[in-house]
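A closer look at the structure
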Number of protein chains: 2
Amino acid sequence: MDHELKQITVAEFLYKEKQLWGFENPARALYQTIREYVENALDATDLYGILPNVTVIIEQDEKDKSICTVTVEDNGIGIPPQKIAEALGKPLVTSKFKIRQSRGQFGLGAKAVTVYALSTTGSPIEAYSSPLDSERVYYVKFSIDLSTNEPAIYALGSWRKSTKWHGTRIRARIRCNWSYARSRILKYFEMLAIVTPYADIVFIEPDGTIHHYPRIVEKMPRPPKEVKPHPASLEKGELQMLLKRTTARTIKEFLISTFQRVGEKSALNVLKLAGIDPSKPPQSLTDEEIERLHKALRSYKFPAPSSEALAPIGAELIEAGLKAILKPEFVVAVTRKPRMHSGGHPFIVEVGIAYGGAIEPREQPLLLRYANRIPLIYDEKADVAWKVLEEFNWKHYGVNFPAPLVVLTHICSTKIPWKVGSKEAVAEREEIKEELHLALQEAARKLRHYLIEKRREEELREKISTFLRYIPEVAQSIATILGEDGVTPDKVQRLLLDTLRRRMKGKELQVFEQQVKNLSKVKIEA
Amino acid sequence: MDHELKQITVAEFLYKEKQLWGFENPARALYQTIREYVENALDATDLYGILPNVTVIIEQDEKDKSICTVTVEDNGIGIPPQKIAEALGKPLVTSKFKIRQSRGQFGLGAKAVTVYALSTTGSPIEAYSSPLDSERVYYVKFSIDLSTNEPAIYALGSWRKSTKWHGTRIRARIRCNWSYARSRILKYFEMLAIVTPYADIVFIEPDGTIHHYPRIVEKMPRPPKEVKPHPASLEKGELQMLLKRTTARTIKEFLISTFQRVGEKSALNVLKLAGIDPSKPPQSLTDEEIERLHKALRSYKFPAPSSEALAPIGAELIEAGLKAILKPEFVVAVTRKPRMHSGGHPFIVEVGIAYGGAIEPREQPLLLRYANRIPLIYDEKADVAWKVLEEFNWKHYGVNFPAPLVVLTHICSTKIPWKVGSKEAVAEREEIKEELHLALQEAARKLRHYLIEKRREEELREKISTFLRYIPEVAQSIATILGEDGVTPDKVQRLLLDTLRRRMKGKELQVFEQQVKNLSKVKIEA
């Protein structure tokens, strides 16, 4: 029987199964190419405290409109010359395998573009890079050798800089479908502008149309810091692996040096709980001891994980973004406290709600999803945020559909549990689902409060206006009955209004004064 | 700036991003483990013409119910001893990288289970295998070394067989959630039974409950054959790669030896079209020549791809399966002709419709999805079949919801464009979408025909029954009016019925006779 085994490289796997990484058809492949490059550009800037300037250009081949060249340029830290081809052309190699929030996570995105270009047009990628402190620009033309999994270099060059530019410029020539992809790509940039108001982004369409998303704020969020893993919610196998790989000499030292939130005292407490000698070498633990240590780590109450590795957008910025783009009558945003999901990865959930104003009423809320500041456009129904929204009881919060309601969700984490290789949907982790639900509740409660206030005000306005409608008539009648000189209807009306005024306060008085003003206006006009 | 690059192995990637391969949470991980092992078991049997016997056992740890041991045993061809650890413990190694339909495709499934077991319980996998022609059983206890990407062997053994068993038996100990996973797993086996009626499957729950899906038919579908790629719809980059890798000495020879459906004549025609000398060595082609050859291959009319590599279920078997499980009043199935999707992969689409009978009415059709005979349970809304169904106009086919309607879709291909690593949703390829739509139309047309017939028959029945209701009375009246001896109402009635009978035929007559029978019965009873 032909049980002949064959091995392929990761590059070949990317080639064979392009659709797993978002290169499903020429339209989506164009969108995915732009995403991967733009997110690399943003990671190369804001992660290092640089205000991002990003330019994206799509050009179509004259002879064949289904071939596009995508160019993305940033003002980031650049890539050292000897690392360019590897960073962009070798799968599972990246500077982003760190415990801190970044857009990149797999070490596959730019490589999948390289493979897609290779398999469709056969064209290599062109990259120009100038590191921050360098006086030269480096050029590499490269692709991937599928059979060796190594970058294949076509051309190399370098020259002295004539400007102060630093950063990376990358070009890929791919099979595409611009007209099918256009609306999604524009939506992507619009959504990106909402959560990256500190970036200046220029996007140029094939026909030359320029979309400029200017920098609105100069203040950047604090860049996330690299941290150690948190000891709680580790799986036993994960602990075993860490024990095997550590260079610490004792198990106590292992605990302190490997994890965050573990000091001398808590390390000793945990080891006491597990009945393990603190001076034991980590590699010498028996399976039973590992089991006990695992249990002790799970049950010990460590402080919550550090949020230093995370960079949430912040309620203020979310509200500003939603206001600027959607022009709603009401907006609220909530940033939750950090929690952990599987294996001790901290995450923060943020939810924004925009209501009314220029928002069109819909049969269900419009959902704007983000993860680590990445707008998510495709695969909405596979996303955990969609599930939470689907199960949410809006009636309870005074919202009856059709309603002009937009919900923004943002999950940021040192590790996003991406459900698909194209990074378009977040997997359903209980902890994340719970936080999303709580954040949505919190924001929806504020919306309910606003809606109740609004309704109350409307009722008040209605009441006072009904009341005021009869005032001129009543004043007239009283004046006629009294028949005295000097008791004009106007005077009676003023007296009546003053009496009422004394009995009102706050919102009621405010509405009253406003309507009285209108009342006089009407009179004057009449 | 810290542009420190780090590389990880594929095994480490599987470990870090478990959720990409379906190991999203403990419930889904259990389901995924069973899927991967069962599909390997079926590939090891029916691909080689063996009627499958598969046993699946789930056991829960006594101390901790969230730890399960999954055992799957088959009667397949087995794995040679020296290849067991590699076949099950080395990522991107498989015997399934061939152009022919199989359930496995990535070379990652069983390895992802191995990594999941390692990371959650730390337990190695245990495999027993006895190849078809071997007199021994081989045992390997293994895991994966994440840092080297190689299998890590814990124990090895072998002994002389005491039975005639051949095949593989594999055990994994993993973190799980049986109570959450149960209904999905049972649904999986039920759906599997529909399209694998030639398999005998036993599934034992942790509490000992046995589910037996017995073999219903002894006839197996012809195993798919390995074929060469089809030359049409190749991308230029793909052609370039094939040219680079070939051992053919001339470009003509390259075309004939690399592709199916290319003979001496068509090779020469294509090369003439491209203006390339047939005796040119393949590696010597210029970029421009490759461009021309690519165009020529795309425009030349080759015969349709061979379907030898495919094993559709067949309309007959689909209808039988739907009937047996769903007990509908109407069932129809359609198997389309083979076509190609991206890069020349042949595929066949099959659609079955079941209507009425024991099927519950629903607001939308119940969709049963399959790809290469694999039941697809999760991520329904991300699947191309769901999209086709969503856009389908059922009213046009006389179906008004709520309706008792089940739709089965099966896509089989030498390469399924899986959208997610967990193989639960098929990506949206235009060609596949189109075929699904056409197949659905074809089946729905037959349903419409049935529904129209059914309505017509109901109307007929109504008409005849209204008519017959008055017959006894009329007969009585006539008999009384005539008042003659021997002219009993019964005789008049018989005469009337005979007159009517002579004017009827076909379905009408059939309904008439049936109702007359009921009529006499009623009379006798009365």
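Because the structure is predicted, anything quoted here is derived from the model rather than measured.

1. A closer look at the overall build of chain A
Helix and strand counts for chain A come out as 14 helices and 16 strands. Over its C-alpha trace chain A gives a radius of gyration of 31 Å, far above what one expects of a compact globule, namely 24 Å for 526 residues. With the C-alpha coordinates of chain A rotated into their principal frame, the extents come out at 115 × 75 × 55 Å. Put simply, chain A has 526 residues, and 56% of those count as buried. Considering only residue pairs separated by 6 or more positions, chain A has 71% of its internal contacts joining residues 24 or more positions apart. On chain A, roughly 23100 Å² of surface is accessible, and the fraction owed to carbon and sulfur atoms is 52%. Within chain A, one finds 79 positive and 68 negative side-chain charges whose respective centroids are separated by 3 Å.

2. Looking at the packing of aromatic side chains
Two aromatic rings are characterised by how far apart their centres lie and by the angle between their planes. By the definition in use, this model includes 32 aromatic pairs over all chains. Relative to W159(A), the ring of Y128(A) lies with its centre 6.2 Å away and its plane at 65°, an arrangement referred to as edge-to-face. Residue Y128(A) is located in strand β5 (residues 125-130), and its partner W159(A) is located in strand β7 (residues 150-160); the two are separated by 31 residues in the primary sequence. Here F23(B) and Y116(B) contribute two aromatic rings whose centre-to-centre distance is 5.1 Å and whose plane-to-plane angle is 35°, an arrangement assigned as tilted. Taken together, the residues span a long stretch of sequence, with F23(B) in the loop between α1 (10-16) and α2 (26-43) and Y116(B) in helix α4 (residues 109-120) at a distance of 93 residues. Taken individually, F23(B) and Y116(B) each receive the classification buried, so the pair is uniform in this respect. By way of ring pairs, the aromatic residues Y31(A), W178(A), Y188(A), F189(A), F203(A), Y213(A) and Y378(A) are connected into one cluster. The positively charged end of R184(A) is found above the aromatic ring belonging to Y378(A), 4.2 Å away from the centroid.

3. Describing the interface of chain A and chain B
The partner chain B presents 74 residues to the 74 residues of chain A that form the contact. For the chain A and chain B pair, buried surface summed over both sides reaches about 6200 Å², with 54% attributable to carbon and sulfur atoms. Run the count over chain A and chain B and you get 10 salt bridges. As a salt-bridge pair, K419(B) and D379(A) come within 3.1 Å of each other at their nearest N and O atoms. Counting the contacts that link chain A with chain B gives 30 residue pairs in polar contact (both at pLDDT 80 or more). Of all the secondary-structure elements, those providing two or more residues to the side of chain A that touches chain B are β1 (6-7), α1 (10-16), α3 (84-89), β4 (93-94), α4 (109-120), α6 (236-245) and α9 (287-299) of chain A. It is α6(A) that contributes the most residues to the side of chain A that touches chain B, 6 residues altogether. Along the lines of polarity and charge, the residues of the side of chain A that touches chain B split into 29 nonpolar, 18 polar and 27 charged. Note that β4(A) and strand β1 (residues 6-7) of chain B share 2 bridges and pair antiparallel.

4. Overview of the state of the cysteines
As used here, a disulfide is simply a covalent bond connecting the sulfur atoms of two cysteines. Residues and elements named next belong to chain A. Under the counting rule described, the total for this entry stands at 2 disulfides over all chains. With a sulfur-sulfur separation of 2.1 Å, C68 is cross-linked through a disulfide to C176. For the disulfide bridge between C68 and C176, the dihedral angle about the S-S bond is near 60°, and by the sign convention the bridge is right-handed. With C68 in strand β3 (residues 67-73) and C176 in the loop between β8 (167-175) and α5 (178-195), this pair connects stretches of sequence that are 108 residues apart.

5. Overview of the UniProt feature "coiled-coil region" (unreviewed entry) in chain A
Here, UniProt's "coiled-coil region" (unreviewed entry) annotation points to residues 422-460 of chain A. What you have in residues 422-460 of chain A is 79% helix and 0% strand, and the ends, taken at the C-alpha atoms, are 52 Å apart.

6. A closer look at the sheet that holds β8(A)
All names here are of chain A. With mixed pairing, the 8 strands of this open sheet are ordered in space as β7-β6-β5-β8-β3-β2-β9-β10. Each edge of the open sheet carries a strand with a single partner, namely β7 and β10 (210-213). Averaged over all adjacent pairs, the angle separating strand axes in this sheet is 15°, with direction ignored. Bridging between β5 and strand β6 (residues 136-145) involves 5 bridges; their strand directions are antiparallel. Pairing of A127 across the sheet is with V140, part of β6. Contacts from helix α2 (residues 26-43) reach β2 (53-60), β3, β5 and β8 within the one sheet, and its direction differs from that of β3 by about 15°.

7. Re the relation of the copies chain A and chain B
Superposing chain A onto chain B takes a rotation of 180° plus a shift of 0.0 Å along the axis, which leaves an RMSD of 0.2 Å. In symmetry terms, the pair is related by a two-fold rotation axis. The C-alpha atom lying nearest the rotation axis in chain A is that of V420(A); the distance is 2.8 Å. The overlap is high: 100% of the interface residues of chain A also sit at the interface in chain B, so the same surface is used on both sides.

8. Description of the sheet that holds strand β7 (residues 150-160) of chain B
Residues and elements named next belong to chain B. An order of β7-β6-β5-β8-β3-β2-β9-β10 is seen for the 8 strands of this open sheet, with the pairing classed as mixed. One side of each edge strand has no neighbouring strand; the edge strands of this open sheet are β7 and β10 (210-213). Across the sheet, the axes of successive neighbouring strands diverge by a mean angle of 15°, strand direction being ignored.

9. A short note on the environment of E350(B)
Residues and elements named next belong to chain B. Summarising the element assignment, E350 is placed in strand β13 (residues 345-355). Taking the C-alpha atoms as reference points, E350 and A315, separated by 35 residues in sequence, lie 7.5 Å from one another. There is a polar contact of 2.8 Å between the side chain of E350 and the backbone nitrogen of I313. A polar atom in the side chain of E350 sits 2.7 Å from the backbone nitrogen of G314.

10. A look at the domain arrangement of chain A
Annotation of chain A at the domain level lists domain 1 (10-213), domain 2 (236-299), domain 3 (315-451) and domain 4 (454-525). Look at where the C-alpha atoms of domain 3 of chain A and domain 4 of chain A centre, and you get two points 45 Å apart.

11. So, a nonpolar patch on the surface
All names here are of chain A. Taken together, Y470, V474, I478 and L482 make up a surface patch of nonpolar side chains, about 340 Å² in accessible area. As for its position among the elements, L482 is in helix α12 (residues 430-482). Under the relative-accessibility criterion, L482 is labelled partly exposed at 45%.

12. So, the pairing of β7(B)
All names here are of chain B. The pairing of strand β6 (residues 136-145) with β7 spans 10 bridges and is antiparallel. Across the sheet, the residue bridging to S143 is A152, located in β7. Hairpin connection, β6 to β7: the antiparallel pair is bridged by 4 residues, and N149 has positive phi, about 70°.

13. Here's the deal with unusual backbone geometry
Both trends apply: most residues other than glycine have a negative phi, and most peptide bonds are in trans. Put simply, F401(A) and P402(A) share a cis peptide bond, and its omega is 0°. As for its placement among the helices and strands, P402(A) is situated in the loop between α11 (384-390) and β16 (405-413). One non-glycine residue, N372(A), lies in positive phi territory at about 45°. Here N372(A) lies in the loop between β14 (366-371) and β15 (374-376). A positive phi angle, near 70°, is found at N149(B), a position not held by glycine. Mapped onto the elements, N149(B) comes out in the loop between β6 and β7.

14. Observations concerning the packing of helix α8 (residues 264-274) of chain B against helix α9 (residues 287-299) of chain B
Residues and elements named next belong to chain B. Two elements in contact, α8 and α9, have axes separated by 8 Å at closest approach and are oriented at 130°. In terms of axis orientation, α8 runs oblique to α9. Relative to α9, the crossing made by α8 is right-handed. Contacts from V270, L271, L273 and A274 of α8 reach α9 at R292, L293, A296, L297 and S299. Here the contact of α8 with α9 is composed, by residue class, of 7 nonpolar, 1 polar and 1 charged.

The rules behind each value
- Position numbers for residues start from 1 in each chain and track the written sequence from start to end.
- Each chain is given a letter, starting from A, and each ligand a number, starting from 1, according to the order in which they appear as written.
- Local features in this predicted model are restricted to residues whose pLDDT is 70 or higher, and side-chain atom pairs enter the listing and the counts only when it is 80 or higher, whereas totals over whole chains, interfaces and linings include all residues.
- By convention in this description, side-chain values take in all heavy atoms of the structure and omit both hydrogens and water.
- Put simply, DSSP H or I for four residues or longer makes a helix, DSSP E for two residues or longer makes a strand, and each gets a number counted from the N terminus.
- The globule rule is 2.2 Å times the number of residues to the power 0.38, and the radius of gyration it is compared with is taken over C-alpha atoms.
- Burial status follows relative accessibility: with a 1.4 Å probe on protein chains alone, a residue under 20% of its type maximum counts as buried, one over 50% as exposed, and anything between as partly exposed.
- Note on contacts: a residue pair is in contact if any heavy atoms of the two residues lie within 4.5 Å.
- Using a 1.4 Å probe, the Shrake-Rupley method yields the accessible areas, and only the shown protein chains count as cover for residues.
- By the counting rule applied here, Lys and Arg register as positive and Asp and Glu as negative, while His and the ends of each chain are not counted.
- Charged side chains are reduced to one point each, which is NZ for Lys, CZ for Arg, CG for Asp and CD for Glu.
- The aromatic pairing rule takes the rings of Phe, Tyr and Trp, using the six-membered ring of Trp, and pairs them if the centres are within 6.5 Å, calling planes under 30 degrees apart stacked, those over 60 edge-to-face and the rest tilted.
- For a lysine, the NZ atom is tested; for an arginine, the CZ atom; a charge sits over a ring if that atom is within 6 Å of the ring centre and within 35 degrees of the ring normal.
- By definition, the buried area sums, over both parts, the 1.4 Å-probe accessible area that each loses when the two are put together.
- Criterion for a salt bridge: a side-chain nitrogen of Lys or Arg within 4 Å of a carboxyl oxygen of Asp or Glu.
- Whenever two N or O atoms come within 3.5 Å, that pair is a polar contact, provided that in protein one can donate a hydrogen and the other can accept it, and provided that, for residues adjacent in sequence, both atoms are side-chain atoms.
- Three residue categories are used. Nonpolar comprises Ala, Val, Leu, Ile, Met, Phe, Trp, Tyr, Cys and Pro, charged comprises Asp, Glu, Lys and Arg, and polar comprises the others, including Gly.
- When DSSP finds at least two bridges between two strands, those strands are taken to pair.
- Two cysteine sulfur atoms make up a disulfide if the distance between them is within 2.5 Å.
- UniProt positions are given in the numbering used here, feature names are shortened, and annotations may be inferred rather than shown by experiment.
- Axis definition: a line fitted to C-alpha atoms, over the contacting stretch in the case of helices. Angles run 0 to 180 degrees between N-to-C directions.
- Here the copies are superposed with least squares, the fitted atoms being C-alpha atoms of residues at a pLDDT of at least 70 in both.
- Note that the domain bounds reflect an automated or database-derived domain assignment.
- Without a salt bridge and with relative accessible area above 30%, a residue can belong to a patch; like charges are then joined within 9 Å and nonpolar side chains (Val, Leu, Ile, Met, Phe, Trp, Tyr) within 5 Å.
- Roughly parallel means an angle under 35 degrees; roughly antiparallel means over 145; roughly perpendicular covers 65 to 115; every other angle is labelled oblique.
- When the near helix sits turned anticlockwise from the far one by under a right angle, the crossing is termed left-handed; a clockwise turn instead gives a right-handed crossing.

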